[in-house]
Amino acid sequence: SSSEASSQGKGGADGKAQESKGILVTSEGGITKITFNRPSKKNAITFQMYQDIILALKNASTDDTVITVFTGAGDYYSSGNDLTNFTSASGGMEEAANKGAIVLREFVNTFIDFPKPLVAVVNGPAVGISVTLLGLFDAVYASDRATFHTPFSHLGQSPEACSSYTFPKMMGSAKAAEMLLFGKKLTAREAWAQGLVTEVFPESTFETEVWTRLKTYAKLPPNSMRISKELIRKNEKEKLHAVNEEECTTLRARWLSEECINAIMSFVTRKPKL
Amino acid sequence: SSSEASSQGKGGADGKAQESKGILVTSEGGITKITFNRPSKKNAITFQMYQDIILALKNASTDDTVITVFTGAGDYYSSGNDLTNFTSASGGMEEAANKGAIVLREFVNTFIDFPKPLVAVVNGPAVGISVTLLGLFDAVYASDRATFHTPFSHLGQSPEACSSYTFPKMMGSAKAAEMLLFGKKLTAREAWAQGLVTEVFPESTFETEVWTRLKTYAKLPPNSMRISKELIRKNEKEKLHAVNEEECTTLRARWLSEECINAIMSFVTRKPKL
Amino acid sequence: SSSEASSQGKGGADGKAQESKGILVTSEGGITKITFNRPSKKNAITFQMYQDIILALKNASTDDTVITVFTGAGDYYSSGNDLTNFTSASGGMEEAANKGAIVLREFVNTFIDFPKPLVAVVNGPAVGISVTLLGLFDAVYASDRATFHTPFSHLGQSPEACSSYTFPKMMGSAKAAEMLLFGKKLTAREAWAQGLVTEVFPESTFETEVWTRLKTYAKLPPNSMRISKELIRKNEKEKLHAVNEEECTTLRARWLSEECINAIMSFVTRKPKL
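Residues numbered from 1 in each chain as written. Chains lettered and ligands numbered in written order. Predicted model: local features only at pLDDT ≥ 70, side-chain atom pairs only at ≥ 80, totals over all residues. Heavy atoms only, no water.

Visitor: Describe the confidence of the model for chain A, naming the residues involved and giving the relevant values.
Guide: Residue and element names in this part refer to chain A. Averaged over all residues, the pLDDT of chain A equals 91, while 91% of them reach at least 70. Confidence drops under pLDDT 50 across residues 1–20; counting only partners more than four residues distant or on other chains, this segment forms 33 contacts. Interface predicted TM-score (ipTM) for the complex: 0.91; the corresponding pTM is 0.92. (pLDDT = per-residue confidence, 0-100. Contact = heavy atoms within 4.5 Å.)

Below, the structure written as structure tokens:
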């Protein structure tokens with residue numbers, strides 16, 4: 001079976017329409033696969049894509065698939081939040097910031113509450129929220145081409161997706177702050193050493209090895225995996241929701257700050273390499 | 001001095017009786033040593049052994065020894081819970097599940113509350129609860145022959161010994177879930193990189209190096225070590241007890257599930273290599 | 001601009017007086033630099049230096065600098081608490097213990113509450129509180145000459161600076177206890193693998209590489225960094241203050257114990273290499 005969420009209203013069934021979709025959702029062999037699918041924009045995430053992903057996760061949480069997997073189409077995993085979410089808002093930054101905080105909070109809550117094993121297959125560079133979200137995944141497999149970059153300070157912003165909590169917990173404050181405050185970009189190997197990545201594979205064998213493994217995992221007793229995940233998540237679910245709320249409130253204020261507006265305008269104009 | 005807990009009623013003092021004991025407890029040079037001692041069964045842990053270990057730890061917590069050390073006799077450290085605890089129960093699975101949850105809870109609480117430094121000398125493969133318990137130890141020294149395997153999902157079960165809390169805390173959720181949900185088996189080196197093992201030694205020098213070190217540690221000021229451990233443990237003792245209770249309740253329900261009963265029956269019949 | 005706190009009353013402005021100061025505080029290019037400056041005593045920290053550091057941090061928290069950096073003059077980063085704080089106290093150990101607990105608590109609270117990015121440039125061996133404090137830093141860069149040693153048990157003492165909480169959180173209990181209970185000394189590389197150190201540099205390029213990086217970081221949007229740090233710290237600030245209080249109470253009692261007094265007297269007399 002295969003269902004697809006459209007990023008631009010109702011999509012047709014033909015190949016051309018498919019290319020215009022922000023995410024692709026397929027399900028096969030017990031695995032729901034959600035693909036960031038804007039390769040021409042390095043899989044940057046639009047408002048519509050956040051909402052399509054929320055919907056896809058809600059569907060996956062109750063259907064008969066066992067594991068849900070995120071990956072990216074093309075060279076990038078995802079370049080993170082599409083900054084034109086702000087610059088193209090008809091009501092200006094204030095409206096964009098209000099909408100952004102609401103969408104972000106629901107988006108991250110959907111990951112916090114997702115009841116089945118959640119795996120990231122990081123095929124290439126990951127930036128911003130596509131990195132911070134990984135702290136809410138159950139396994140993160142990375143190609144050695146992948147990099148992990150959270151340049152929040154450079155953009156006048158602040159951490160999201162509970163990374164202000166999950167990153168220090170996972171890697172200690174001295175390594176988390178270098179990413180979250182100073183915007184240090186990590187190689188796949190460094191991200192592995194810091195606990196963000198479960199295992200790194202050579203690009204040449206990445207897809208084959210990872211999908212072979214995932215197909216095996218998808219055959220394990222599904223209730224055991226779901227119940228074990230629930231047990232693990234229960235230890236901090238309340239905390240994660242509170243952190244998410246605090247981060248969204250902080251980020252909303254950041255988006256309206258001079259530091260952030262200047263940084264975003266400068267970024268959109270100059271388009272520097274992240 | 002040397003005291004021994006019998007796994008099969010009252011043991012005699014002669015060598016033959018000793019071999020039939022599930023655990024051996026000796027104390028020398030300030031060190032209480034508790035040895036899993038069923039090498040013919042890969043040191044699988046019976047109901048009686050759980051109770052003998054509880055007793056041994058209660059004794060060690062108040063006697064004049066300084067450090068307590070666990071190790072295994074023969075090739076294995078321990079293959080974990082003896083599944084015949086379930087299949088041989090006279091009252092069937094329901095009685096076994098009830099008894100199991102009560103014994104397990106008291107067993108794990110004894111580790112949570114143990115007041116002196118607790119060290120594991122992991123001489124070979126460790127499976128299931130012998131792995132998850134390590135999250136409650138103060139040092140874990142491993143031979144490079146050791147492996148670490150928690151195939152809960154494969155057996156239709158769920159994590160215990162507070163590993164649903166200690167493992168994500170120690171290694172991050174992406175590495176913890178691969179062990180606890182997907183049953184990935186780790187080498188000693190991998191377990192070291194994930195924080196589960198303090199140090200890995202070549203098999204050839206393992207025993208000599210580790211015991212030399214432990215003898216030195218046993219001569220440090222005992223009150224300082226006890227008080228420092230109390231300080232560390234106090235930060236999460238309440239949480240650990242709550243997690244243990246939740247895990248035991250969950251596991252009791254798992255033991256009565258179809259997934260688990262099928263998996264255990266299949267395991268006992270087919271005896272696959274773990 | 002440059003301000004200097006004196007460790008011996010009011011210091012003059014000439015070079016000679018400067019050499020007698022316990023810490024040096026300079027600020028340039030957005031960076032406040034606090035240098036442990038008793039190289040002849042391996043930068044051991046006197047009561048006066050604790051108070052000078054508290055003052056320097058309070059100043060740095062409200063001035064216009066962006067990042068605060070600690071480092072050591074000479075071969076050592078710092079050998080930790082100056083044990084003559086105890087042996088030279090006019091009112092004996094009881095008075096020294098009372099004063100010590102009060103000073104320590106305020107000192108550590110100042111680090112917990114410091115609102116800007118805090119970086120350690122660990123130029124050489126670090127001992128005791130100069131190590132445990134690192135758990136409250138946002139980045140720790142170490143020369144490969146650096147070592148990390150917390151011989152609390154050897155001295156009849158117990159962990160401070162929230163290390164009973166930050167170390168197990170960062171590195172897992174099995175690695176934290178080896179440092180905090182057994183006084184294992186770590187190389188820079190080992191400290192990196194355990195999450196205590198952000199990055200290790202060869203001694204020959206250490207200062208150049210680290211300061212180049214820090215100057216870049218000091219040019220990032222300051223409000224974003226401050227707000228991101230506040231977000232991270234907020235998750236555990238209350239816990240850190242509670243842990244600090246508990247550790248100081250415990251340590252005060254330790255300082256009056258026979259184990260500790262014997263160990264300190266023996267240390268001061270024999271001056272063994274730490």
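Having seen the structure, we can now continue with the description.
Visitor: If you had to explain helix α12 (residues 258–270) of chain A to someone new, which residues and values would you point to?
Guide: Taking 1.5 Å per residue as the helical rise, α12(A) with its 13 residues ought to reach 18 Å, and the 18 Å between its terminal C-alpha atoms agrees with that figure. Among all positions of α12(A), only Glu259(A), Cys260(A), Ala263(A), Ile264(A) and Phe267(A) are buried. Within α12(A), the buried residues cover an arc of 120° as seen down the axis, which keeps them to one side. Of the exposed residues in α12(A), those oriented more than 90 degrees away from the buried face are Glu258(A) and Thr269(A). Buried-residue contacts for α12(A) involve α3 (84–87) and α11 (237–255) of chain A together with α10 (222–234) of chain C. (Helix = DSSP H or I, 4+ residues; strand = E, 2+ residues; numbered from the N terminus. Expected span 1.5 Å × (residues − 1). Buried < 20%, exposed > 50% of the residue type's maximum accessible area, 1.4 Å probe, protein only. Arc of directions from axis to C-beta.)

Visitor: Give a detailed account of the relation of the copies chain B and chain A, specifying residues and quantitative values.
Guide: Mapping chain B onto chain A is achieved by rotating through 120° and translating by 0.0 Å along the same axis, at an RMSD of 0.0 Å. The transformation just described matches what one would write down for a three-fold rotation axis. Within chain B, the C-alpha atom positioned nearest to the axis of rotation is that of Lys169(B), 3.8 Å from it. Different-surface contact between copies: only 3% of interface residues of chain B are shared with the interface of chain A. (Least-squares fit on C-alpha atoms with pLDDT ≥ 70 in both.)

Visitor: Break down the interface of chain C and chain B for me, with residues and values.
Guide: Residue-level contacts link 30 residues of chain C with 32 residues of chain B. Both sides together, the interface formed by chain C and chain B hides about 2500 Å², and carbon and sulfur atoms give 60% of it. Of all residues in chain C, the largest losses of buried area upon contact with chain B belong to Lys175(C), Leu181(C) and Phe182(C), amounting jointly to 26% of the total for that side. Where chain C packs against chain B, one counts 3 salt bridges. Residue Lys234(B) is joined to Glu246(C) by a salt bridge in which the shortest nitrogen-to-oxygen separation is 2.7 Å. There are 14 residue pairs in polar contact (both at pLDDT 80 or more) connecting chain C and chain B. (Buried area = accessible area lost by both parts, 1.4 Å probe. Salt bridge = Lys/Arg side-chain N within 4 Å of Asp/Glu carboxyl O. Polar contact = N/O pair within 3.5 Å; in protein donor to acceptor, adjacent residues only side chain to side chain.)

Visitor: For the relation of the copies chain C and chain B, give the residues involved together with the corresponding values.
Guide: Overlaying chain C on chain B yields an RMSD of 0.0 Å, the required transformation being a rotation through 120° with an accompanying axial translation of 0.0 Å. The share of interface residues of chain C whose copies in chain B are also at the interface is only 3%, consistent with the copies meeting through different surfaces.

Visitor: Please give an account of the side chain of Arg233(A) that cites residues and values.
Guide: Residue and element names in this part refer to chain A. For Arg233, the location among the structural elements is in helix α10 (residues 222–234). Put simply, Arg233 is tucked away with no salt bridge, and the nearest opposite charge, on Asp138, sits 4.8 Å away. Once residues within four sequence positions are removed from consideration, Arg233 is found in contact with Phe111, Ile112, Leu136 and Leu240. (Lys, Arg positive; Asp, Glu negative; His and termini not counted.)

Visitor: With reference to specific residues and values, describe the state of the cysteines.
Guide: All names here are of chain C. A full pass over the atoms with the stated rule returns 0 disulfides over all chains. Distance from the sulfur of Cys162, which forms no disulfide, to the nearest cysteine sulfur (Cys248) is 8.3 Å. Residue classification places Cys248 among the buried positions, given a relative accessible area of 4%. (Disulfide = S-S within 2.5 Å.)

Visitor: So what's going on with the interface of chain B and chain A? Residues and values would help.
Guide: With 30 residues of chain B in contact, the opposing surface of chain A contributes 32 residues. On the chain B side of the interface with chain A, the three residues burying the most area are Lys175(B), Leu181(B) and Phe182(B), jointly 26% of the side's total. The tally of links from chain B across to chain A stands at 3 salt bridges. Linking chain B to chain A there are 14 residue pairs in polar contact (both at pLDDT 80 or more). Where the side of chain B that touches chain A is concerned, the elements lending two or more residues are α6 (163–171), α7 (173–180) and α11 (237–255) of chain B. Its residues assigned to classes, the side of chain B that touches chain A shows 12 nonpolar, 9 polar and 9 charged. (Nonpolar A, V, L, I, M, F, W, Y, C, P; charged D, E, K, R; others polar.)

Visitor: Before we move on, can you summarise the pattern of salt bridges with the specific residues and values?
Guide: Inspection of every chain in the model, using the stated rule, returns 39 salt bridges over all chains. Note that Arg105(B) and Glu245(B) form a salt bridge whose closest N and O atoms lie 3.3 Å from each other. With Arg105(B) in helix α4 (residues 92–113) and Glu245(B) in helix α11, the pair connects residues that are 140 residues apart, well separated along the chain. Its salt-bridge partner being Asp113(B), residue Lys237(B) comes within 3.7 Å of it at the nearest N-O pair. With Lys237(B) in helix α11 and Asp113(B) in helix α4, the pair connects residues that are 124 residues apart, well separated along the chain. Take Lys237(B): its relative accessible area is 32%, and that puts it in the partly exposed class. Given a relative accessible area of 36%, Asp113(B) falls into the partly exposed group. Through salt bridges that share partners, Glu178(A), Lys184(A), Glu199(C) and Arg213(C) make up one connected network.

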